[in-house]
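Now for the letters of each chain:
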Amino acid sequence: MLRLYFKIFKTGMLTEKLPKAKPAHEADQAVEQIGHALKTVVDRRFRGSLAIRQVDAGSCNGCELEIHALNNVYYDIERFGVHFVASPRHADVLMVTGPVSRHMEAALRHTYEATADPKWVVAVGDCGVCGGEFGVSYASCGAVGNVIPVDLTIPGCPPTPQALLQGLLSLCGRS
Amino acid sequence: MTTRGIDGFGLLCEKFESQGVATRLYHPDQIPPARLLEINPAGWGKAAETAQLQQWRWCGVWAEDLEAGLTVNACLEHQGIYLILRTHLPDGQNSLPSQAPHYWAADRPERNIQDMFGIRFEDHPDPKRWVRHQAWPEDVYPLRRDFPVAGRQTEPTPPDSTYPFLKAHGASVYEIPVGPVHAGIIEPGHFRFQAIGETVLHLEERLGYVHKGVEKIAEGRDPSSLARLAGRVSGDTTVGHAWAACLAMERAAGIEAPPRAAFLRGILAERERVINHLWDLGALCNDVGFAFGYYQFGRLRELWVRENQACFGHRLLMDRIVPGGVACDLTPDTAKRMRQAIVALRKELDELITILDGNSSLEDRFLGAGFLSPELASALGAVGFVGRASGQSFDVRKDVPYPPYQQLKVRVPMEDQGDVSSRFWVRHKELRACLRLLEQMLDGMPAGELVAPWLIPDADSEGFAAVEGWRGEILCFVRFGTDNTIGRYWPRDPSVINWPALEKLTLGNIVPDFPVCNKSVNASYSGHDL
């Protein structure tokens, strides 16, 4: 047990300051712009605290790995008051990865309906934003926006934790 | 017929003959490294029965809708020899004897073919639909040639509420439906538990929610585009699937990646294994409420993921493997960085494992949970760490080596206790073995080209590949059409084989232990559903 505490002590604090958002390319700029418009609203309605329900609506699981990384010690997303919740009933935000498979279409709609208003939908990853490598087919509805209304998009294949953070922070108004 | 040795393969051919299974053996160069044997449709079931008695492992089945008609292929493995059985269905016939009565593993893949191609398997023990929910009707088959990629359904897809789950009856039996949307950051799937009190009586998996039509949208792509798609069959196995697809395409085209590219592919694949095993070790700790392990392993994983970005330009190593070779290189500087990271990780593991090993609450939850006996693992054909934690030693890198592993000393660690604890420790041992492999590859890195020039394969050229992904054996079959386009792409993720193992090993456990049992198998939904 002493070893365990020693290791914790030795590891220390690793959580990093978020670098200033740099709208280097267009994708970043788009996030910035939409995020800025949402910022004022979210500040007022959510008082700076955001509960997210993540929904994998057909992703390859790559985006999920990076969303998971938001919880690791380096990014520690909870310090910004952002946390992932187990039920859409508890959520302010649905963070949806795609493409939306047709077999998940109804489940995604139900999840959306189950989330209390006011709510926001963030489409994550190239597939969620525009269909990506999978596009629209007999099995895929493509972008999340083809199934439910989307408020913010975070592109990338997959988006890095930093890109996710910047997108989300602009949403909850802490950046 | 070519000459036959007296190895397992020769023996099987003799048995086929004595059982009256009409066969035609193709030249070994037809689809290397696998042997190809054509079988009369009537002998399809008998062939499986015979192979099962000879202890061949069943690996997968795929169909093709060719101009000549419907063709079905099954892949078997024994003592490091892959055998592909092939049968052509005569015009107008769309049924075939099932192999599922002889191999459990064939159950769902055959139902998948039934949904996608409309081939019915006679004597199948449980012929209900599998991958089909409500996105297309029962009498329509997406992988038939006359089916348009866009499909024909324009209305929103209704939920699939009529799937016939097995029901348990009796006093105090109750049912727990879970999913498809799970209470975490996980892929979607449905689990139906029948329980008494806290004990699981029966578990039925219902998958197919993330079916994205991978096989259909692969048709008509060029090789680079297929490599990109393969890298997204299962996001955590991007290197594994891209490697398998490229290897199969290269074999079809008759080219070979340069030695330096093979070594780089090996490094990418072992790095993928390291980051996923680190993540799983942490996640297993998390599922029994041991936050310390979760955060420590998560920290180490993030460090390695960042190394990926620094050395190869992508955190998860997507799109680094391309047809003919690789799209990245190693400089002396990055090689040095990598060596230092390996030494550092070993030291961290030494510290962490001592702490974990001495933690009785962890042992309490891991030991004995989710038991999969070696006999059951063998009967299911379990692969990867799930198999190796239950005494199944098969590892493609060692048993059917491909470059660069032919030149390396591959150590395959084993456990035989078959519980969550075994699957935890076998991952840890594999992690250590990975680090050694990485060092071997850094030491022996040959100089030279990174990509071999591409040769456009003849129409109908076929290629088969097996590589050891971090979850286990990945298979891939590719057939080219005309003009360098893909005619058929069939990837088989190890999860297809390992998902049924989860159903079995959960039985008798308490419901609250299901998350850790599930994580200990960690099968891919996306890789399974395609």
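Above this text is the structure in question.
Scoring rules and cut-offs
Residues numbered from 1 in each chain as written. Chains lettered and ligands numbered in written order. Predicted model: local features only at pLDDT ≥ 70, side-chain atom pairs only at ≥ 80, totals over all residues. Heavy atoms only, no water. Helix = DSSP H or I, 4+ residues; strand = E, 2+ residues; numbered from the N terminus. Buried < 20%, exposed > 50% of the residue type's maximum accessible area, 1.4 Å probe, protein only. Contact = heavy atoms within 4.5 Å. Areas by Shrake-Rupley, 256 points an atom, 1.4 Å probe, with all protein chains shown as cover. Rg over C-alpha atoms; globule rule 2.2 N^0.38 Å. Lys, Arg positive; Asp, Glu negative; His and termini not counted. Charge placed at Lys NZ, Arg CZ, Asp CG, Glu CD. Patch = residues over 30% accessible without salt bridge, like charges linked within 9 Å, V, L, I, M, F, W, Y side chains within 5 Å. Salt bridge = Lys/Arg side-chain N within 4 Å of Asp/Glu carboxyl O. Expected span 1.5 Å × (residues − 1).

Participant: Is there a simple way to explain the overall build of chain A in this structure?
Facilitator: Scanning chain A for helices and strands turns up six helices and five strands. Taken from N to C terminus, the helices and strands of chain A fall in the order α-α-β-α-β-β-α-β-α-β-α. Per-residue burial over chain A gives 58% buried out of 175 residues. Contacts in chain A between residues far apart in sequence, at least 24 positions, make up 80% of those at least 6 positions apart. As displayed, chain A offers around 7400 Å² of accessible surface, 55% of which is attributable to carbon and sulfur atoms.

Participant: Would you mind showing me how to read the overall build of chain B here?
Facilitator: Of regular secondary structure, chain B possesses 17 helices and 15 strands. Rg of the C-alpha trace for chain B: 23 Å, near the compact-globule value of 24 Å for 530 residues, within the 12% margin. C-alpha extents for chain B along the principal axes are approximately 70 × 65 × 55 Å. Taking as baseline every contact in chain B between residues at least 6 positions apart, the subset at least 24 positions apart corresponds to 68%. When the accessible surface of chain B is totalled, it reaches about 18800 Å², and 51% of it is carbon and sulfur. Between the averaged position of the 56 positive side-chain charges in chain B and that of its 68 negative side-chain charges there is a distance of 3 Å.

Participant: Whenever I open this one, a positive patch on the surface confuses me. Can you help?
Facilitator: On the surface, K398(B), K409(B), R411(B) and R436(B) cluster together into a positively charged patch. Looking at R411(B), the relative accessible area reads 39%, which means it is partly exposed.

Participant: Mind showing me how you'd approach the environment of P515(B) here?
Facilitator: Counting through the fold element by element, P515(B) comes out in helix 16 (residues 514-521). Sequence-wise, P515(B) and L284(B) are 231 residues apart; in three dimensions their C-alpha atoms are separated by 8.8 Å.

Participant: Mind showing me how you'd approach helix 9 (residues 332-357) of chain B here?
Facilitator: Each full turn of the α-helix corresponds to 3.6 residues, which orients residues three or four apart in the same direction. Here helix 9 of chain B spans 37 Å end to end across 26 residues, near enough to the 38 Å set by a 1.5 Å rise per residue. By the burial criterion, the buried members of helix 9 of chain B are T334(B), A335(B), M338(B), A341(B), I342(B), L345(B), E348(B), L349(B), L352(B), I353(B), I355(B) and L356(B). On its buried face, helix 9 of chain B sits against helix 1 (2-11) of chain A together with helix 7 (259-287), helix 8 (291-312), helix 10 (360-366) and helix 14 (420-444) of chain B.

None of this, on its own, says anything about what the molecule does.
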